[in-house]
Amino acid sequence: MNRAEKRRQQKLAEKMAKSKRPGGQTLNINQPLNLAAQHHTNGRLPEAVSLYQQVLQANPNHPVALQLLGVTALQVGNNEDAVALISKAIAIKPDYADAHNNLGNAFKNMAKMDDALACYQKAISINPDYADAHSNLGTVLADQGRLDEAVASYNKAIAINPGYAEAYFNLANALLEQGKFDEAFSSFHKNLAIKPDNADAHFNLGVALKKQGRVAEAIASFKATITLNPDYAEAYSNLGAILADQKNFDEAEQCFLKVIAIQPDDAEACNNLGITLRNLRRLDEAAKSYRQALSIRPDFDEAHSNLIFLQDLIPAIDQAEQQAERRRWSDNFIKPLAKHIRPHDNKRDPERPLRIGYVSADFCSHSASLGFAPLITEHDRENFDVFCYDASPVSDEVNKTLRSAATQWRDIKKLSDEELAGIIRNDAIDILVDLSGHTRGNRLKLFGYKPAPVQVTGIGHLSPGIPTIDYRLTTPLMTPPDEERIYPENPIYLNTYCAYIPPHDSPPTGPPPCQINGFITFG
């Protein structure tokens, strides 16, 4: 209940201050009811409750006291008591708009959205200029995905009360969901002009600016959030992510440490701290952060993959130990998927083109794509159909080049692994190839569903250690014979499997320095 509504309640209390006892004797209850309303407005709920109860002892059917006592129950989270008290007030006074509105608030807290909707609509039918009810109606409509109606409700509330900060805030959030960023930004700024200390508005504005790539403004919004609320963990987390993207790892580290200090069980922050420490080359500390994330969330597959990738960078960890960690990952995330594996019905026709599917988050300007791009751009189009399953975070020139070379292209960023497995089965892929291993954005869990009859890895990263992947492309140098036993995937030995192409913006090559220096320079 905001201050405007509390003032209305107090005025109504004054109007109804003179009530009748059951026996007909007039009782002036103006003083305790007004004093209760003052305590209520100033947040002294125990004192308010005591006085409302005194009024109700004198007149058990006093609708204002019942309604306001219900509001106090609502404010401390006793939604069932609030419903009982406010419903009784409405039974006594059916045209009590404030009571219908607050009953809607109680139902909304109980996730009874249809009941809440009906209450707000009733309040508006009684008082069409009830700004709070229009705004509250908007929140329920937004929750139900009825965004156009929600926006209309918020605008109605603002038309009635142009200084209604909360309605501007809710309107901005609804406009964001509609993808109307400029209008949303305008509403956030109007909210902040009225209520500059609204940390949530600064934060949500920052998130929206970040999505729009307006990084400097987003940083300013997150810093404003933190100034207003030094314990706003999500603001530190988002600020840290931007700073890490800018390779400002020292400041990013401090942000993630602050998140963990506020929320020690924040696995995401521990994972992000691990990534930051890895970039700072503090590998042992990074490993500790990843393990902390996994101790909080044992099913955090991304953190576990990050730990596996990190181990490749630590000389003291040999292949056997690396594969042991990969086995633990497989036991956690691949074995449980065995129940989903079923036979394949691909046509066994030797005359038809084979369908090859490539899965990667690096179909873009990336070191990995420099190695595998020729597989796609130079494939034999007569004998092979190439399907690319793209989880790349960006669409750039490399992405466009690969897209034009593929037979079919699927954007998979919004698909679950199970949904993607179904699509790959429907595409009748014969050989499915992982191009990521345990690198960022990988879709390794997909391979646990065995959506293709033959599954292959080895391009882009080392063996992921997944038993449902049949073959691993390698070389005798990469996999010495005495290490073969530690890998679950069967080896296919090649002389080389890296068809490297230089970046399109590489400078022309020059004479090797050894011709002048007299020694070999490695770089």
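Look above for the structure.
Residues numbered from 1 in each chain as written. Predicted model: local features only at pLDDT ≥ 70, side-chain atom pairs only at ≥ 80, totals over all residues. Heavy atoms only, no water.

Undergrad: Looking at this model, I keep getting lost on the packing of helix α16 (residues 267-279) against helix α18 (residues 301-311). Mind explaining?
TA: The geometry of a pair of packed helices is captured by two quantities: the angle between their axes and the separation between those axes. One can describe the packing of α16 onto α18 by two numbers: an axis separation of 10 Å at closest approach and a directional angle of 20 degrees. When the axes of α16 and α18 are compared, the pair comes out roughly parallel. For the element pair α16 and α18, the recorded crossing hand is left-handed. On the side of α16, the interface is formed by Asn271, Ile275 and Arg278, while α18 contributes Glu302, Ala303, Asn306, Phe309 and Leu310. Along the lines of polarity and charge, the residues of the contact of α16 with α18 split into 4 nonpolar, 2 polar and 2 charged. (Axes fitted to C-alpha atoms, helices over the stretch in contact; angles between N-to-C directions. Helix = DSSP H or I, 4+ residues; strand = E, 2+ residues; numbered from the N terminus. Parallel < 35°, antiparallel > 145°, perpendicular 65-115°, else oblique. Left-handed = near helix turned anticlockwise from the far one by under 90°. Contact = heavy atoms within 4.5 Å. Nonpolar A, V, L, I, M, F, W, Y, C, P; charged D, E, K, R; others polar.)

Undergrad: Got a minute to help me understand the pairing of strand β7 (residues 454-457) in this structure?
TA: Note on strand geometry: in a regular strand, side chains alternate between the two faces of the sheet. When strand β6 (residues 431-434) meets β7, the two strands line up parallel, connected through 3 bridges. Its bridge partner being in β7, leucine 432 is matched across the sheet by glutamine 455. Across 2 bridges, the pairing between β7 and strand β8 (residues 471-474) is parallel. Paired with valine 456 across the strands is tyrosine 471, a residue of β8. (Pairing = 2+ DSSP bridges.)

Undergrad: Sorry, what's going on with the nonpolar core here?
TA: One broad rule of soluble globular proteins: the nonpolar side chains tend to lie buried together. Counting 100 residues, the largest nonpolar core has Tyr52, Leu103, Phe188, Leu239 and Leu310 as its most contacted members. It is helix α10 (residues 165-177) that contributes the most residues to this core, 8 residues altogether. Among residues more than four places away in sequence, those in contact with leucine 103 are Val83, Ile86, Ser87, Ile90 and Cys119. By size, the runner-up hydrophobic cluster in this structure holds 23 residues, among which are Leu337, Phe387, Ile412 and Leu432. (Core = buried A, V, L, I, M, F, W, Y, C linked by side-chain atoms within 4.5 Å. Buried < 20%, exposed > 50% of the residue type's maximum accessible area, 1.4 Å probe, protein only.)

Undergrad: Explain the pattern of salt bridges to me, please; I cannot follow it from the model alone.
TA: Between side chains of opposite charge, pairing is possible as soon as their charged atoms come close. Enumeration over the complete set of coordinates arrives at 19 salt bridges. For the salt bridge of glutamate 149 with arginine 146, the shortest nitrogen-to-oxygen distance reads 2.9 Å. The exposure class of glutamate 149 is partly exposed, given its relative accessible area of 38%. Assessed through its relative accessible area of 31%, arginine 146 is described here as partly exposed. Between aspartate 430 and arginine 352 there is a salt bridge whose closest N-O contact spans 2.7 Å. Of this pair, aspartate 430 sits in the loop between α22 (417-426) and β6 while arginine 352 sits in the loop between α19 (319-333) and β3 (354-360), placing them 78 residues apart in sequence. Taking relative accessible area as the criterion, aspartate 430 reaches 6% and is therefore assigned buried. Note on arginine 352: relative accessible area 21%, which makes it partly exposed. Salt bridges linked by common partners bring Glu253, Arg282 and Glu285 together as one network. (Salt bridge = Lys/Arg side-chain N within 4 Å of Asp/Glu carboxyl O.)

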